[in-house]
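Structural description and commentary
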Amino acid sequence: MMKLPIALPPCSGFILMLLLALNLAQPVYADAQPRSGSETLLEFEDAQTKDRYYSLLEQLRCLVCQNQSLADSDAGLAQDLRRKVHEMLQEGAGDREIIDFMVARYGDFVLYNPPLKTSTVLLWFGPFILAGLGILGLVIYLLRRNEQKAESLLSEERRRRAAELLNKSKT
Amino acid sequence: MSKTIIPLVIFIGLVILLAVGLSRDPRVVPSPLIGKSVPAFELPQLHDPQKTFGTDDLKGQVSLLNVWGSWCVSCRVEHPLLLQVAQQNLIPIYGLNYKDTREDAINWLDQLGDPYSAVAFDAAGEVGIDLGVYGAPETYIIDRNGMIAYKHIGPISGRDWREKFLPVIQQLKNVKS
Amino acid sequence: MIPELGHFALILALCLAIVQGTLPLAGTALRNTSWMQIAVPAARWQFGCLALAFACLTYAFIDKDFSVLYVAQNSNSLLPVYYRISAVWGAHEGSLLLWVLILGGWTFAITHFSRSLPLAFTSRVLAVLGLVSVGFLLFMLLTSNPFERHFPAVERGDLNPLLQDFGLIVHPPMLYMGYVGLAVPFAFAIAALLEGRIDAAWTRWTRPWTIVAWVFLTLGIALGSWWAYYELGWGGWWFWDPVENASFMPWLLGTALLHSLAVTEQRSTFKAWTILLAIFGFSLSLLGTFLVRSGVLVSVHAFATDPTRGVFILGFLSIVIGGALLLYAWRAGGVSSTGRFELVSREMLLLLNNVLLVVVCAAILLGTLYPLLMDALGAGKISVGPPYFNRVFIPLMVPLALILGFGPLVHWKKDSLPSLVRRMHKTALIGIVLGVAFVLLAVGPASLGVTLAVILACWVMAGTLQTLKSRLSPQDLGGSLRRLSRGFVGMLLAHFGVGIFIIGVTLVSAFEKTEDVRMAPGDHYMLGDYRFEFRELNTVNGPNYEAKQATFEIVRNERRIATLYPEKRFYRSSNQPMTEAGINPGLFRDLYVSLGEPLDTDGSDAWAVHLTYKPFVRWIWLGPLLMGLGGLLAASDRRYFRRQPVPGTRPVTVRAKPAEGRS
């Protein structure tokens, strides 16, 4: 079930050791999926940057995985992109910049938070419009229904009175 | 009857959507780089680390850039086709060796044949990221000006070559820069 | 031999299902009693055949019969027997067999409990269920035969290590019981449409079945969430993954159906709504089946996909649901409702509740299918994930939670806003005070959003307690407690569970603490008040894996709280590594340790260790557990088991019905 559609490098352990030797800090997010190499731990400037890092990871999609974010996956590409995000954060990039960087290379597909464009207006506002319409429809339905019931009652009442009058006239 | 048919109408719409969906592949990621220049890079070559290969080398002719790795099983599947294309001398094929080790890559080419005019060695995958690579094999058609005209995800079949690659290559070759 | 027997049993089941699905239905049209009476025995024999088929497949797994392709792909000679059994439903073909077996089971249960139902009605219900079964059995026999043989008989794979877990033993069966259970109110609704009437008796029959199906679905989803939490190694419990959404949407509609049925039973109104919800509930179950098996959406939970299968399921879906909705369009007009109610009334609030639930369901459907929609229209490829769903789901749930607090206290038919305010304002204040106090005591100062969410949860719980109080008389506390109906108490429990759930979700999302640390044996790390000490690293051998096991001790205030043994396992058959997290569970917090990657490049025994502190995470599953208990209690309410009909009920149309006694 955890099938990756495209082959990934099994030797990244060696590559990462190379990079370790070259003193490049690597991001890690220890988790349970089939792994492809070691990672070391991260340094952050402050707690806020750390939060931003994890928040960004959750917004970015791992493209070779079956629907996992960069935070949850340990595929090779996910490791690389996490490293990139961390790098950019260390260089002082803003969240917007990092997201734009990813989108420029991978398209909107890489974002779990779909951008607001004309094509996604229905997506973002649809539920709330639907809720509004639903409640409105409900109120209208109720008022019209009660009107109908009132009418039918009235005609019932009229019929009763008519019957009464008829009875009276008979006796 | 008028109001009660609404759920059925909505449902029919949904079924049509799902039917169309069955013919699409949800995993293919279209590249936003089509129509844009190849992102600037300069990497050491695989066979000769002293020499480099970069964006400048891609200008001046229509070429293919094939992303591959010795670890990649699907790359073996398309390799015979690449060898054939290289033999025909139709178009230069450049390789981007992605997240591999020099030794494994060179051995692989020795074993299976080398269709590449030159191979750039992208051990860390940084250039891959800039190109929007998310797996191998991936192949780009690059025009004379170094712009990405087409990107193919996955191994190239004979059919892909005839129906998708050749038309684009012919068209690009006919355009004078 | 045995697989062939199983295969044959499936074919036999198909034949019986065809009989069950057609003759009784024809019998009701032609008023042929003997045809109608075929339904019960056909259903029972079909279940027998399905049980036999399932037993054969299970036997093949236990016996390690690798000549059966499905067994070869999903099992292994090293796999322990209890996982070999659960592997039966570990992939597409076997889980389909489980689906159709459970459908047979529910059908069997109806034959058992339907003695007080009129023959025509039972015939229709069983026929509908038979037709659904025909669809699934055809699907299995034509495209997904679990008994297919292959030679040479070698093992071709293994059960995915992630599935070699207790979770696989319980989660799918529970979930399928719920998914499939929604077929019962569906069948009841179709039968009602065919008959052209819904009366109090229909509602009384439908309600307990719906509640039980809903309970299974609730518990099934909660189990899935809990399983993901401890199995997947980073403590997530909900990902808004398409397959998860596929289980959540029928749950939402099932909840709406439950409430709609409550109104229909009490007030003889909302009948068309109830029918429509019953149809849509099961429709979403079927849609879920499609989404998981067709390859249309990418998901961690999806089965191996095949376009042929997708086409078949879509066709089946269209026939079943399309047919049902066509019937609805044609016949629902005749099912009208009596009963007036005002803008401020319990009916109105329940209607609002259902509208909101349907809107939430539609929103989740929109988000799940939107990438598909855009791709189909050629508008590009996007992803819709947790950031979207959270932003849409939470605001829509707020009004629902608000209604929950006071809804059960609003009068039927007519109530007044000033009177409501008078009755509820104290509860509102209690909710606010409790909420703020809870947050401060539990986690400390929090953001406005978190505090409001907890206040909302306390409002729900306070309102529920007030509802309880309203039914008790202080003079005769014991007596009035005993006189409370099970349905009422069940409702209270379930609503209370919602409050618990909200608190769990809010607090764990806002206050969990995580660290990824490089640790070697002898190191320790402080996470909040807790000191995680890495004592030793050992190698252990499991039945089909080898593991590196760390021993962690957790100390707080000088007292040893727990010893945990997180592992990194390497399964021999697939060489796949897998993490077993070490968890110290608690009512108010969980402590979570898992091993990431070895960092032993410098020769030490260092590992990347993932440490997490999760406050109130168990409340996320405690809530649904209470909901499930409440549901079970409500379903066992004695009024469903009474022989006499409920007095004071009036059918919409009057027709002579010799088979039922009516006052």
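Up top is the structure.
Residues numbered from 1 in each chain as written. Chains lettered and ligands numbered in written order. Predicted model: local features only at pLDDT ≥ 70, side-chain atom pairs only at ≥ 80, totals over all residues. Heavy atoms only, no water.

**Comments concerning the overall build of chain A**
- The helix and strand inventory of chain A stands at five helices and zero strands.
- Out of the 171 residues in chain A, the part that is buried amounts to 50%. (Helix = DSSP H or I, 4+ residues; strand = E, 2+ residues; numbered from the N terminus. Buried < 20%, exposed > 50% of the residue type's maximum accessible area, 1.4 Å probe, protein only.)

**Remarks on the pattern of salt bridges**
- The full count for this structure, using the stated rule, is 33 salt bridges over all chains.
- One salt bridge in this structure joins D95 of chain A and R52 of chain A, with 2.7 Å as the shortest N-O distance. Taken together, the positions of D95 of chain A in helix α4 (residues 95-106) and R52 of chain A in helix α2 (residues 47-59) put the pair 43 residues apart, joining distant regions of the chain.
- On the accessibility criterion, R52 of chain A (23% relative accessible area) is partly exposed.
- The residue E93 of chain C makes a salt bridge to R309 of chain C at a minimum N-O spacing of 3.2 Å. A residue pair is termed long-range when its members are at least 10 positions apart, and E93 of chain C in helix α6 (residues 92-113) and R309 of chain C in helix α13 (residues 307-331) qualify at 216 residues. R309 of chain C carries the same exposure label as E93 of chain C, and that label is buried.
- Linked by salt bridges that have partners in common, D80, R83, K84 and E87 of chain A together with K99 and E126 of chain B make up one network. (Salt bridge = Lys/Arg side-chain N within 4 Å of Asp/Glu carboxyl O.)

**With respect to the sheet that holds strand β8 (residues 582-584) of chain C**
Residue and element names in this part refer to chain C.
- One open sheet accounts for four strands, arranged β1-β10-β9-β8; its pairing is antiparallel. Only two strands of the sheet have a single neighbouring strand rather than two, namely β1 (513-519) and β8. Going across the sheet, the axis of each strand differs from the next one's by a mean of 15°, ignoring polarity.
- Pairing analysis gives three bridges linking β8 to strand β9 (residues 589-598), with the strands arranged antiparallel. When the sheet's bridge partners are listed, I583 is paired in β9 with Y592.
- On top of the sheet, helix α10 (residues 200-231) reaches β8, β9 and β10 (607-615); it is set at about 50° to β9, its chief contact.
- Packed on one face of the sheet, helix α19 (residues 486-511) meets β1 and β10 and runs near 140° to β10. (Pairing = 2+ DSSP bridges. Axes fitted to C-alpha atoms, helices over the stretch in contact; angles between N-to-C directions. Contact = heavy atoms within 4.5 Å.)

**Here we look at the sheet that holds strand β7 (residues 148-153) of chain B**
All names here are of chain B.
- Spatial strand order, β5-β4-β3-β6-β7: five strands in an open sheet with mixed pairing. Looking at the sheet topology across the chains shown, the edges are occupied by β5 (118-122) and β7. The sheet shows a mean angle of 20° between the axes of neighbouring strands, direction not considered.
- Of the pairings in the sheet, the one linking strand β6 (residues 138-142) to β7 comprises five bridges and is antiparallel in character. By the bridge assignment for β7, Y140 is matched with K151.
- Each of β3 (63-68), β4 (93-98) and β5 touches helix α3 (residues 102-112); the most contacted strand, β3, lies at about 120° to it.
- Against the sheet, helix α5 (residues 158-174) contacts β3, β6 and β7, and its axis sits at roughly 170° relative to β7.

**With respect to the state of the cysteines**
- In total, this model carries two disulfides over all chains according to the counting rule given.
- Between the sulfur atoms of C62 of chain A and its disulfide partner C65 of chain A the distance amounts to 2.1 Å. On the S-S bond that ties C62 of chain A to C65 of chain A, the torsion sits near 60°, and the link is right-handed. The exposure classification of C62 of chain A matches that of C65 of chain A, with both residues buried.
- One disulfide in the model links C72 of chain B with C75 of chain B; its S-S distance is 2.2 Å. When the S-S torsion is 95°, as for the bridge of C72 of chain B with C75 of chain B, the disulfide is right-handed. Across the pair, exposure class does not vary: C72 of chain B and C75 of chain B are buried alike.
- In this structure C15 of chain C is not part of a disulfide, and its nearest cysteine sulfur, from C49 of chain C, lies 9.0 Å away. (Disulfide = S-S within 2.5 Å.)

**Notes on the interface of chain B and chain A**
- Taken together, the 26 residues of chain B in the interface contact 26 residues of chain A.
- When the buried area of chain B at its contact with chain A is split by residue, K99, I129 and Y134 of chain B rank highest and sum to 29% of it.
- Linking chain B to chain A there are four salt bridges.
- Linking chain B to chain A there are five residue pairs in polar contact (both at pLDDT 80 or more).
- Of all the elements, helix α4 (residues 126-131) of chain B adds the most residues to the side of chain B that touches chain A, at four residues.
- Here the side of chain B that touches chain A is composed, by residue class, of 16 nonpolar, four polar and six charged. (Buried area = accessible area lost by both parts, 1.4 Å probe. Polar contact = N/O pair within 3.5 Å; in protein donor to acceptor, adjacent residues only side chain to side chain. Nonpolar A, V, L, I, M, F, W, Y, C, P; charged D, E, K, R; others polar.)

Nothing here speaks to function; it is geometry throughout.
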